[in-house]
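# Architecture and fold: a report
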Amino acid sequence: MAEQVEAHFARLDAAVKNGQAKRGLKAADEILKLAPGDADALRCKVVLLIELGNFEEAMKLVTQPPLAASMAFEKAYCLYRRGKLNEALAALAAVPADQEVPRLQLEAQIQYRLGGNKEAIALYSQLYRSHSLESQEVQTNVVAAYVSGGRAGEVPAVMQAMKISAKDSFEIAFNVACGLVDAGQLRAAEEQLQLAVRVGEEALYDEDLAEAEVAAELAPVTAQLAYVAERLGRQEEAAASYEAVLGLALEDATTASVATNNLYAALLSRASSSTSRKVAGEAVKKLDAFMERSGGVLRLKSALEPRLGPVQREALLASYATAALLANKVDVAKEAVRSIEKQLPEAAVTAMLQASLHWKEGKPREADAALAALAASGGSDAAEASLMRAQLAAARGDSAQALAHLSAAGDASWQAQPAVLATKLALLEGQGQGQADEVASTLASALQQWQSTPESAQRSGAVSWILKQLAALRLRQGELAEAAAHYSKLVGLDPEALEDPDVLSRCAQLAAVCDGSDAAALRQRLQQQAPPAKLSAADLDALEHASIAVTGVQRKAADTAAGPGPAGAAPPQLAAGGDERKKRKRKRQPRYPKGFDPANPGPPPDPERWLPKWQRSDAKKLRKKLKSKDAAKGSQGAGKADDALDRSNVVDEPEAKPKAPARPPGGKGKKGKGRR
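Residues numbered from 1 in each chain as written. Predicted model: local features only at pLDDT ≥ 70, side-chain atom pairs only at ≥ 80, totals over all residues. Heavy atoms only, no water.

## Things to note about the overall build of the protein chain
Of the regular secondary structure elements, the protein chain holds 34 helices and two strands. Within the protein chain, the proportion of its 676 residues that are buried is 34%. (Helix = DSSP H or I, 4+ residues; strand = E, 2+ residues; numbered from the N terminus. Buried < 20%, exposed > 50% of the residue type's maximum accessible area, 1.4 Å probe, protein only.)

## Some thoughts on the side chain of Thr442
Along the chain, Thr442 falls in helix 27 (residues 436-451). Only 2.8 Å separates the side chain of Thr442 from the backbone oxygen of Glu438, close enough to count as a polar contact. Once residues within four sequence positions are removed from consideration, Thr442 is found in contact with Leu421, Lys424 and Leu428. (Polar contact = N/O pair within 3.5 Å; in protein donor to acceptor, adjacent residues only side chain to side chain. Contact = heavy atoms within 4.5 Å.)

## Some points on a negative patch on the surface
On the surface, a cluster of negative charge is made up of Glu171, Glu201, Glu202, Asp206, Glu207, Asp208, Glu211, Glu213 and Glu217. Going through the elements one at a time, helix 13 (186-206) and helix 14 (211-217) are the ones with two or more residues in the negative patch. Secondary-structure assignment places Asp206 in helix 13. (Patch = residues over 30% accessible without salt bridge, like charges linked within 9 Å, V, L, I, M, F, W, Y side chains within 5 Å. Areas by Shrake-Rupley, 256 points an atom, 1.4 Å probe, with all protein chains shown as cover. Salt bridge = Lys/Arg side-chain N within 4 Å of Asp/Glu carboxyl O. Lys, Arg positive; Asp, Glu negative; His and termini not counted. Charge placed at Lys NZ, Arg CZ, Asp CG, Glu CD.)

## Considerations on the environment of Asn86
Note on placement: Asn86 falls in helix 7 (residues 85-91). Residue classification places Asn86 among the exposed positions, given a relative accessible area of 57%. Each C-alpha atom of the pair Asn86 and Ile110 lies 8.3 Å from the other, and the pair is 24 residues apart in sequence.

## Here we look at the pattern of salt bridges
A full pass over the atoms with the stated rule returns 17 salt bridges. For the salt bridge of Lys334 with Glu361, the shortest nitrogen-to-oxygen distance reads 3.0 Å. Placement of Lys334 in helix 20 (residues 330-343) and of Glu361 in the loop between helix 21 (348-360) and helix 22 (364-376) is noted, with a sequence separation of 27 residues between them. On the basis of relative accessible area, Glu361 is assigned to the partly exposed category, the value being 28%. Among the charged side chains, a network of salt bridges with common partners joins Glu190, Arg234 and Glu237.

## Quick word on the packing of helix 24 (residues 399-407) against helix 26 (residues 418-430)
Axis separation between helix 24 and helix 26 bottoms out at 9 Å; the angle between their running directions is 155°. By the angle between their axes, helix 24 is roughly antiparallel relative to helix 26. The element helix 24 and its partner helix 26 pack so that their crossing is left-handed. Mapping the contact onto sequence places Ser399, Ala402, Leu403, Leu406 and Ser407 in helix 24 and Val420, Thr423, Lys424, Leu427, Leu428 and Gly430 in helix 26. (Axes fitted to C-alpha atoms, helices over the stretch in contact; angles between N-to-C directions. Parallel < 35°, antiparallel > 145°, perpendicular 65-115°, else oblique. Left-handed = near helix turned anticlockwise from the far one by under 90°.)

## Here's the deal with helix 16 (residues 235-246)
The first and last C-alpha atoms of helix 16 sit 17 Å apart over 12 residues, in line with the 16 Å expected at 1.5 Å per residue. Listed in full, the buried residues belonging to helix 16 are Ala238, Ala239, Tyr242 and Val245. Down the axis of helix 16, the buried side of the element spans an arc of 125°, and every buried residue falls inside it. (Expected span 1.5 Å × (residues − 1). Arc of directions from axis to C-beta.)

## As for a positive patch on the surface
A contiguous patch of positive charge, built from Arg11, Lys22, Arg23 and Lys26, is present on the exposed surface. Tracing the sequence through the fold places Lys22 in helix 2 (residues 21-34). On the basis of relative accessibility, which here comes to 63%, the residue Lys22 falls in the exposed class.

## Regarding the environment of Ala145
When you line up the elements, Ala145 lands in helix 10 (residues 136-148). Residue classification places Ala145 among the buried positions, given a relative accessible area of 0%. Ignoring any residue separated from it by four or fewer positions in sequence, one finds Ala145 in contact with Tyr112, Asn117, Ala120, Ile121 and Tyr124.

## Section: the packing of helix 19 (residues 310-326) against helix 20
Running from amino to carboxyl end, helix 19 crosses helix 20 at an angle of 155°, the nearest separation of the two axes being 8 Å. For the element pair helix 19 / helix 20, the angle class is roughly antiparallel. The two elements helix 19 and helix 20 meet at a crossing, and its hand is left-handed. Residues Leu317, Ala318, Tyr320, Ala321, Ala324 and Leu325 of helix 19 pack against Val332, Ala333, Ala336, Val337, Ile340 and Gln343 of helix 20. Counted by class, the contact of helix 19 with helix 20 contains 11 nonpolar, one polar and no charged residues. (Nonpolar A, V, L, I, M, F, W, Y, C, P; charged D, E, K, R; others polar.)

## Re the confidence of the model for the protein chain
Of the residues in the protein chain, 78% reach a pLDDT of 70 or more, and the chain-wide mean stands at 79. Contacts from residues 656-676, a stretch scored under 50 in pLDDT, to residues over four places away or in other chains number zero contacts. (pLDDT = per-residue confidence, 0-100.)

## Notes on the packing of aromatic side chains
Taken as a whole and judged by the stated rule, the model has three aromatic pairs. Taking 6.1 Å as the distance between ring centres and 45° as the angle between the ring planes, the aromatic pair formed by Tyr77 and Tyr80 counts as tilted. With a gap of three residues between them, Tyr77 and Tyr80 both fall in helix 6 (residues 72-81), about one helical turn apart. Judged by its relative accessible area of 24%, Tyr77 falls in the partly exposed class. (Phe/Tyr/Trp six-rings, centres within 6.5 Å; stacked < 30°, edge-to-face > 60°.)

## Thoughts on the pairing of strand 1 (residues 291-294)
Note that strand 1 and strand 2 (residues 297-300) share four bridges and pair antiparallel. Looking at strand 2, one finds that Glu292 is bridged to Arg299. The turn linking strand 1 back onto strand 2 is made up of two residues, and Gly295 within it adopts a positive phi angle of 65°. (Pairing = 2+ DSSP bridges.)

## Structural notes on the nonpolar core
Counting 41 residues, the largest nonpolar core has Tyr242, Met291, Leu300, Tyr320, Ala321, Ile340 and Leu353 as the members making the most contacts within it. When residues in this core are grouped by element, the largest group, eight residues, is from helix 19. Aside from chain neighbours lying at most four places away, what touches Ala321 is Ala333, Ala336, Val337, Ile340 and Leu353. One finds Ile121, Ile172, Leu180 and Val228 within the second-largest nonpolar core, a separate group that totals 40 residues. (Core = buried A, V, L, I, M, F, W, Y, C linked by side-chain atoms within 4.5 Å.)

## Some words on unusual backbone geometry
Even without being a glycine, Lys163 presents a positive backbone phi close to 60°. Phi angles above zero are rare outside glycine, and Asn328 is one such case at about 65°. Note on placement: Asn328 falls in the loop between helix 19 and helix 20.

## What to know about the side chain of Gln111
Turning to its location among the elements, Gln111 is positioned in helix 8 (residues 100-113). Residue Gln111 is classed as buried on the basis of its relative accessible area of 14%. Setting aside residues no more than four positions away along its own chain, Gln111 makes contact with Leu89, Gly116, Asn117, Glu119, Ala120 and Leu123.

So this is what it looks like as C-alpha cells:
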C-alpha cells in the first residue's frame, strides 16, 4: 500500500510540474482513497481545485479541521474569487506572518475592488519599498490603483520610480491610457491604446496564440478605443468597434457588459423618436443578461459585480433603468429604480431616475421635489439637476420657472455659451411681449464675458453669434442706429461675415438709411474684397427677404419718429397732399327663405333635417323601443316560446291498428295474355 501511495505521489508531482491540473487532481484523489487523511494530498487537491477555478469545492476542503489553520490564505483567496470581498478581507487576519507578501498583494487587490484606492496604493507602496517586489503584475496593479484613485497625474512619476515604461506590457499601456482618459487628454489616450494593441499583439503572437484568442485577450483595449472614438465624435466607428468586441463570444463578462452598455448608449443617442423605443427595448434585453434577482432586489450577477468598479456598477444599473423608461416598461423601471435606491442611496443618478419615473407616471410635482435637494446641494451634480428641473418646467409650459432653473445651472462662462443663450432667448420669448430689455441684458452680459477671455476660434464664433442676435433685436425694436453699430462691430471682428447674403444686405441698407459715411466705408470694403461668386436662387431669395424685413422696420421707425401731431392736424399722409380714404367694409344683406319673417322666426328648424331618417336620434329611439318590446332576455332558450311546441303536457293516444291497403277504384280489369 505504501508503494502505491508513493507511486501516486510521483504521478502527482509530474502532473504539477507539467501544468496538468486535471491529471494531478486524479492522482490526489487516488492518494486520498488509499490514505483519506493525508494532509499533503489534501493541500495539493485544494491548490489544484483553485487552478481549475472550482472555488466552491476548494472552500469545502479548507474549512475542514485538518486544513483550516494552515490554509487561511487559500480560504481568503477563494472568498475573494467568489465575490465575498468583505469576508475575504476578514479572513486575511488569520494568515500567518510567513505569508505576508501574498497577504499584502491580496489585501491590496481586495481594497482596489472595494473602491479603497488610497489603501490599495499604500499597500502596493509597502510591497514595493519593504519587500522590493518588482513583478510586472504588481507594477501593473500599482498604476491601476493610482488611476482608479483619481491620481492619474502622479502616474508618470510613479512609473519613473519603478523604472517601467508603457512599452513593457500592454496592460501598463492600457492603465496609462485610462488615466489620460480621466484627465480628458483623449488624443494622447488614443495613442497609448494603439501602442497597447501593438505591444499586446507582438507578445501574444509570440506565445503561439491564434488570431481569435489574441483578439479576445485585447478586447478590453478595443472597447476602450471605441469609447475614446465616441468621445471624439466618431460615433459610427465606435459602434462598429463595440459590435466587433461583442462578436468575439467573450468569456470575460466585465468587458462584455461594458461594451454592451456603451453600444446601446451610443445607439440611443442617435436614435430618432420613432426608433428610440425599439432600441431601448433591445437594450433592456441585452443588459438583463448581466442582472439577477436576489432577495427581491435587482443587482448585477454575483460573478460580475466584484470585477466592476463603483462607477461601472452605477453606470450599468442606471443604463438598465433608463432603457426601461425609454422602452415604456414602467414595471421594470420601477423595479430597477427601487434596487438602485437600496444599493446607491447617495448617488446623484438615483434622484434623477426617481424624477424621471415620477414624470413618466404623470406626477410633475414629485419629479421636481426629487431633484430639488440635489440641485440645492451645490455639488458636482447640482448643475445637471437644475438642467433637468428646467427641462421639466419647460415641458409643462412654465417658461418663467424653466428660465430660473436654467439660470441657476453652471457658472458665468457656461451661461455665456451660445446654446444656453439660445435656450434662454426662446424661454423669454415664450413669456410674451415686454422681455426685450431682459433679452438685451442677457446678451450684453454674455458678450462681456466672452470679451474677457483669450482669443480663440470658439471666442470669435460666440461673439459673432451674440452680435447678430443683438442686431436682430434692435431691428425688431426699430433702433436702426444701434443695429447698424452691432453689424459694424460684427464686420470688424469677422470680415468674412459679409459673405452671408443676409448680413451683407442688412449692412448695406442700414448704412444707407442711418449714415452715408458708413455706406461709403462699406462700398470701399467690398471693393477691396475678392469679387463675389455668382449668387444662387437661394441667396437671391435671402437678399429679397432681408430687404423686405429692413424696409418694414424702416417704415415703422419713420412712423414712430413722426409722433402724434397737434389736435385737429391732418395725418402725415394727408398733410403731404394725399387723398387716401379709409376703406369701408361693405355689409351684405342676408338672404332669407321665401315666406320667412325675421321679426317672427318661430321655432328653430330641426338640426337633423339634413340627415336620413334612419340616422336621426328619434328614429334610433323608436327602433330601440321596438326591439325591447319583443326582445328575449336571459340565457339561450329563456325567452318567449310557442306553447304548441311543448309536447310534455300532451296525452298519448292509443296507436290505431294498421288498415289494409285500399283497393283501386273501378271493376275488374281486362285479362291480359300471359306468356307461356
